[in-house]
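Here is how the chains run, residue by residue.
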There are 2 protein chains.
Amino acid sequence: MTKSSKKKATIYDLSVLSGSSPSTVSAVLNGTWQKRRIKESTAALIRDLAETHQYTANRQARGLRSSRSGLIGLLLPVHDNRYFSSMAQTFEAHVRSKGQCPIVVSASRDPEEERKTAETLISYSIDELFICGATDPDGVHEVCETVGLKHINIDLPGTKVPSVISDNYEGGRMLTEAIIRHFPADQPLRPDELYLFGGRDDHASRERIRGFRAVKRELLGDDPDGCIQPTGYAPNNARLAFEAFYEKHGKLPRGLFVNSSINFEGLLRFMAGHPHENFADLVVGCYDYDPFASFLPFPVIMIRQDVEGMITKAFEVIEEGRPQPRIHLISPELVQPRTALTGPLDALRDID
Amino acid sequence: MTKSSKKKATIYDLSVLSGSSPSTVSAVLNGTWQKRRIKESTAALIRDLAETHQYTANRQARGLRSSRSGLIGLLLPVHDNRYFSSMAQTFEAHVRSKGQCPIVVSASRDPEEERKTAETLISYSIDELFICGATDPDGVHEVCETVGLKHINIDLPGTKVPSVISDNYEGGRMLTEAIIRHFPADQPLRPDELYLFGGRDDHASRERIRGFRAVKRELLGDDPDGCIQPTGYAPNNARLAFEAFYEKHGKLPRGLFVNSSINFEGLLRFMAGHPHENFADLVVGCYDYDPFASFLPFPVIMIRQDVEGMITKAFEVIEEGRPQPRIHLISPELVQPRTALTGPLDALRDID
DNA sequence: AGTCTTTGCACCATCGATTGTGCAAACAAG
DNA sequence: CTTGTTTGCACAATCGATGGTGCAAAGACT
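Cut-offs applied
The numbering scheme is per chain: residues are counted from 1 as the chain's sequence reads. Starting at A for chains and at 1 for ligands, labels are handed out in the order in which the entities are written. For a predicted model such as this one, the threshold for reporting local features is a pLDDT of at least 70, and the threshold for listing and counting side-chain atom pairs is 80 or more; totals across whole chains, interfaces and linings nevertheless cover every residue. Only hydrogens and water are set aside when side-chain values are computed; all heavy atoms of the structure are taken into account. When the copies are overlaid, the least-squares fit takes in C-alpha atoms only where the residue has pLDDT of at least 70 in both copies. Per residue, pLDDT captures the predictor's confidence, and it can take any value from 0 to 100. Pairs of residues are marked as contacts when any of their non-hydrogen atoms sit within 4.5 Å. Both cavities and pockets are sets of points on a 1 Å grid over the protein atoms alone; in a cavity a 1.4 Å probe fits but cannot get out, in a pocket the set is open with protein on both sides within 12 Å along at least five of seven lines, and lining residues sit with an atom within 4 Å of a point. Grid points are joined across faces, edges and corners, and a volume is the space filled by probe spheres set on the points. Helix and strand definitions follow DSSP, with helices as H or I runs of at least four residues and strands as E runs of at least two, each counted in order from the N terminus. Residue classes follow a fixed rule: Ala, Val, Leu, Ile, Met, Phe, Trp, Tyr, Cys and Pro count as nonpolar, while Asp, Glu, Lys and Arg count as charged, and any other residue, Gly among them, counts as polar. Salt bridge, as used here, is a side-chain nitrogen of Lys or Arg placed within 4 Å of a carboxyl oxygen of Asp or Glu. Each residue gets one of three labels from its accessible area relative to the maximum for its type: buried under 20%, exposed over 50%, partly exposed in between, using a 1.4 Å probe on protein chains only. Per the annotation, domain bounds derive from an automatic or database assignment of domains. Buried area: the accessible surface (1.4 Å probe) lost by two parts on joining, summed over both. In the analysis that follows, any N or O atom pair within 3.5 Å is treated as a polar contact, provided that within protein one partner can donate a hydrogen and the other can accept it, and provided that, for residues neighboring in sequence, both atoms belong to side chains. Note on definitions. A residue lies near a molecule or strand when any single heavy atom of the residue is within 4 Å of it.

Further remarks concern the relation of the copies chain B and chain A. What relates the pair of chain copies is a rotation about an axis plus a shift along that axis. For these two chains of identical sequence, chain B goes onto chain A by a turn of 180° and a shift of 0.0 Å along the axis, with RMSD 0.1 Å. Such a turn and shift between the copies fits a two-fold axis.

Next comes the structure, spelled out in structure tokens:
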């Protein structure tokens, strides 16, 4: 077993082996060697040694010195849902293509935890932070600001730095209209038959609700307050709301605008508890896309947010110097029932 | 704006402010101060200063000195799927509860990328690496081994270090049996009507196939080779396989064992292309659980792998000194159609 | 041959925290 | 009052890479 085993080679090891100084080795291996007028032959020798000894730079040492780490952070509410996991997948691809290392962490929609998590990432000297779906983006902003960390909001906007979010108003309108139009003309939906469940008092929910109500008024002529049921994002709270409605009316509303796929899981839980109902007349619109949900036994119209578009835009905006804290809207897409869209995974090849 | 803004406080700053030496400050703030016989009053003073100046240790500096980073890595094939995203979610909770920081990265099932990614993580001096679903776990092992990094395999086993995986044989048996038994006695499934699609030549697929074939032979008396269609994991390859079958036979097999939820997406894509088929007689078993898939218009029996159990076991095993490279089997769970299980998200509270 | 310029590289401080060691002051024992 | 012990902390080396500065040797020029 060669000496190369067991401990990583450092520039000092290579310096001894090559007969050059550590700084020369460093310069050669980090690309600044031309600027330092190192001979090509010296560089070649060192590169060779680095190769055979499998040298890779210690990022902590480099980061300590340069106060940059090569890490780019993504702060998510949760991992376990197709919207956010595709966010992670897309984010990772972008970061890796820039030659940096993604670090994706979730903070459970808890403002306190969001700040704590950001602090932790900061303690690793991350270079940039993408704040996605944060409950308190401006709180996270504070902690970034005090250390001069570049950051940007995604999915839910803040007021201090730029935000890249879905056009939730337009999406809410599209989805609501699609639900209404899905009913045949001879059995049109009444205003009190179209409910919105899920979400809470955040920007996205408010905008979707605004779109929902506007379209209801335009197309159905009325928009009763009681049809808005912001139950939060927990599946079980959504389930309880459906239970309560069902208890009271003996059925679900014919038209359902579900605020997210997580809330939609609450609807599934409700349905699992009512195995003999067939929900024949039901039309569901869900603000999020999940391929399996699209093929459920009742019509499910979905909104797919343009994750790729949002991430791309966010990277563009964050590169600008000190950009204005404006909101960039990215148009989402309406997805008809029984549609299997491709996603970030399709970009990967499958080795067989 | 107080001086605390703009740049982070270091132990040197606090050392000046408190009149103590940097080493004293360090000892107080990292908990080793009792061992160093620092007076309680000195410690209190320093803790106070640290608090008001929002001191947090620079992890890169600490890591450089101690050659530990506080980072624990999880290497995934992909993020964007409920199985792996729940893996990430669960992993993260465990790591955070140990006071460390999770770093989750995906490597697209590509052996080369798996090794490269591990190298990158190593360059950040991660403390442990969990290798999940790797195509070449032993390749990753090599790179970990040379630097003495603790690691463990999950989901797909290697031969060099312990592995914690699903009991895929038993799971394959359960799922196959459940599919067969789902057909009424008067219209029993014939051996050539039960196909397995998806997966490839990895340990998990082989074991599932072994279970599948064993049960077919036991219950149906035969087990034709042609019924095994390992199409890889890409949704589109699975779709093409379904397409081809349909082309040839004018219908799908009545019984379908789909090797993963990603492959199942291939089935959806196929179905989207055949909108007028109703697939009335179809029974699908899927080796993975997705709540939405469970409620599709045909019976879908699923296997939920015990992610929480696997992660917990993996943490136990990795704590043992130099454990044997044995395989730990974790039993998966059979999930009947129309079942909405709770997941890692339910452990989070929802603030309203 | 003497001066000036360029080439090629070595030296050393530095980033922030950790940790082994040394040592004065306070206290105890004789 | 002297010697020995404990308390409480400061000092300084160290982790690995970076980058400013300095300087000898080689080449150019007069």
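Let us keep going from here.
Take the confidence of the model for chain A next. Per-chain confidence: chain A averages 94 in pLDDT, with 97% of residues scoring 70 or above. For the stretch residues 1-5 of chain A, pLDDT sits under 50, and the model shows one contact to residues farther than four places along the chain or on other chains.

A few words now on the layout of surface pockets. Looking at the largest pocket, its volume works out to about 1600 Å³. What lines the largest pocket is a set of 44 residues, and nearest its centre among them are Thr56, Ala57, Asn58 and Arg59 of chain A together with Ser123 of chain B. When residues of the lining of the largest pocket are traced back to their parent elements, those giving at least two are helix H1 (11-18), helix H2 (22-30), helix H3 (40-52) and helix H4 (59-66) of chain A together with helix H4 (59-66) and helix H6 (111-123) of chain B. In terms of residue count, H6 of chain B provides more of the lining of the largest pocket than any other element does, seven residues in total. Residue classes in the lining of the largest pocket are distributed as 15 nonpolar, 16 polar and 13 charged. When its volume is computed, the second largest pocket comes out at roughly 970 Å³. Counting only elements with at least two residues in the lining of the second largest pocket, the list comes to H4 and helix H6 (111-123) of chain A together with helix H1 (11-18), helix H2 (22-30) and H4 of chain B. Grouping the amino acids of the lining of the second largest pocket by side-chain chemistry returns 13 nonpolar, 13 polar and seven charged.

This model, assessed by the stated rule, comprises 48 salt bridges over all chains. The partner of glutamate 207 of chain A in a salt bridge is arginine 210 of chain A, with the nearest N and O atoms 2.9 Å apart. Of this pair, glutamate 207 of chain A and arginine 210 of chain A both sit in helix H9 (residues 203-220), three residues apart, which is roughly one turn of the helix. A residue is classified by how much of its surface remains accessible, and glutamate 207 of chain A, at 19% relative accessible area, is buried. Between glutamate 319 of chain B and lysine 98 of chain B there is a salt bridge, with the nearest N and O atoms lying 3.1 Å from each other. On the criterion of sequence distance, the pair formed by glutamate 319 of chain B in helix H12 (residues 307-319) and lysine 98 of chain B in the loop between helix H5 (82-97) and strand E2 (101-106) is long-range, its members being 221 residues apart. A relative accessible area of 41% means that glutamate 319 of chain B is categorised as partly exposed. Exposure remark for lysine 98 of chain B: the relative accessible area of 36% places this residue in the partly exposed category. In the salt-bridge network here, residues are joined through shared partners; they are Arg190, Asp192, Glu193, Arg254 and Asp281 of chain A.

Before going further, it helps to examine the domain arrangement of chain A. All names here are of chain A. Domain parsing of chain A yields domain 1 (11-57), domain 2 (68-161) and domain 3 (168-304). If you average the C-alpha positions of domain 2 and of domain 3, the two centres end up 30 Å apart. Each partner contributes to the interface: domain 2 provides eight residues, whereas domain 3 provides 12 residues. In total, about 800 Å² of surface goes out of reach between domain 2 and domain 3, with carbon and sulfur atoms giving 53% of it. Ranking the residues of domain 2 by area buried against domain 3 places Arg82, Arg109 and Leu156 at the top, with a combined share of 55%. The interface formed by domain 2 and domain 3 contains one residue pair in polar contact (both at pLDDT 80 or more).

Now for the side chain of aspartate 80 of chain A. Within the fold, aspartate 80 of chain A resides in the loop between strand E1 (71-76) and helix H5 (82-97). Here the side chain of aspartate 80 of chain A touches serine 85 of chain B through a polar contact of 2.9 Å, side chain to side chain. Discounting chain neighbours no more than four positions away, the residues touching aspartate 80 of chain A are Arg82, Ser85, Ser86, Gln89, Pro344 and Leu345 of chain B.

On to the protein's contact with DNA strand C, then. Taken together, 25 residues are adjacent to DNA strand C, and Lys39 and Thr42 of chain A together with Ile11, Arg62 and Arg65 of chain B come closest. Within the side chain of arginine 36 of chain B, a nitrogen or oxygen atom sits 2.8 Å from a base nitrogen of DNA strand C. If you list the elements that add at least two residues to the surface near DNA strand C, you get H2 and H4 of chain A together with H1, H2 and H4 of chain B. Grouping the constituent residues of the surface near DNA strand C by class yields seven nonpolar, 11 polar and seven charged.

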